[in-house]
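# Survey of secondary and tertiary structure
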Amino acid sequence: MSLKETLKQAKQLERLAEMQKQDKQDSQSNTDVPVSRSLGAVKPRNYLALNPLLRKGGVHEKDDVKIVRKKRRRETKQKLRQTDWLSEL
């Protein structure tokens, strides 16, 4: 599932939760129960928090400049260690 599809799904779930919340409020307003007695609105679960694409490890190297620089430095250090400096003289 791509990031775009995940965000689209999250928006749909939020709309559904809002519609359910409005339905509850409409049904409560029709009854004789005072509003002060009703419990607070239940927040919908954050579906984006569990998405593996949006976690910290999901950042790609091509997007993060620091990771690319660190990788290049590591590669150059390995190349310098592997070169035979005595044979080049």
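Let me sum up the structure you'll find in this document. Owing to the predicted nature of the structure, the values given are computational and were not obtained by experimental measurement. Sequence order as written defines the numbering, with residues in each chain counted from 1. Local features are withheld for residues below a pLDDT of 70 in this predicted model, meaning they are given only at 70 or higher, and side-chain atom pairs are given and counted only at 80 or more; totals for whole chains, interfaces and linings count all residues. Where side-chain values are given, they derive from all heavy atoms of the structure, hydrogens and water being excluded.

### A word on the overall build of the protein
If you tally the helices and strands in the protein, you get two helices and zero strands. Exposure categories follow from relative accessible area, calculated using a 1.4 Å probe and restricted to protein chains: below 20% of the type maximum is buried, above 50% is exposed, and the middle band is partly exposed. Sorting the 89 residues of the protein into buried and exposed places 3% on the buried side. Only the protein chains shown count as covering a residue, and every accessible area follows the Shrake-Rupley method with a 1.4 Å probe. Within the structure as shown, the protein displays about 9,100 Å² of accessible surface, and the carbon and sulfur contribution to it stands at 53%. The secondary structure listing takes helices from DSSP runs of H or I that are at least 4 residues long and strands from runs of E that are at least 2 residues long, numbered from the N terminus.

### Here's the deal with helix α2 (residues 65-82)
Residues separated by three or four positions in an α-helix point in the same direction, a consequence of the helix having 3.6 residues per turn. One less than the residue count of a helix, multiplied by 1.5 Å, gives the span that helix is expected to have. For α2, built from 18 residues, the straight-helix expectation of 26 Å at 1.5 Å per residue is met to within 8% by its first-to-last C-alpha distance of 26 Å. For α2, a buried count of zero out of 18 residues is recorded, marking the element as mostly open to its surroundings.

### What to know about a positive patch on the surface
Taken together, the side chains of Arg-69, Lys-70, Arg-72, Arg-73, Arg-74, Lys-77 and Arg-81 define a basic patch exposed on the protein surface. Summarising the element assignment, Arg-73 is placed in helix α2. The patches described consist of residues with a relative accessible area above 30% and no salt bridge, like charges being joined within 9 Å and nonpolar side chains (Val, Leu, Ile, Met, Phe, Trp, Tyr) within 5 Å. Should a side-chain nitrogen of Lys or Arg be within 4 Å of a carboxyl oxygen of Asp or Glu, the pair is scored as a salt bridge. His is not counted, nor are the chain ends; Lys and Arg add positive charge and Asp and Glu add negative charge. Note on charges: their place is set at NZ of Lys, CZ of Arg, CG of Asp or CD of Glu.

### What about the environment of Trp-85?
Mapping Trp-85 onto the fold places it in the segment after α2. A polar atom in the side chain of Trp-85 sits 3.3 Å from the backbone oxygen of Leu-80. Counted as a polar contact is a pair of N or O atoms within 3.5 Å, where, for protein atoms, one must be capable of donating a hydrogen and the other of accepting one, and residues adjacent in sequence contribute only when both atoms are in side chains.

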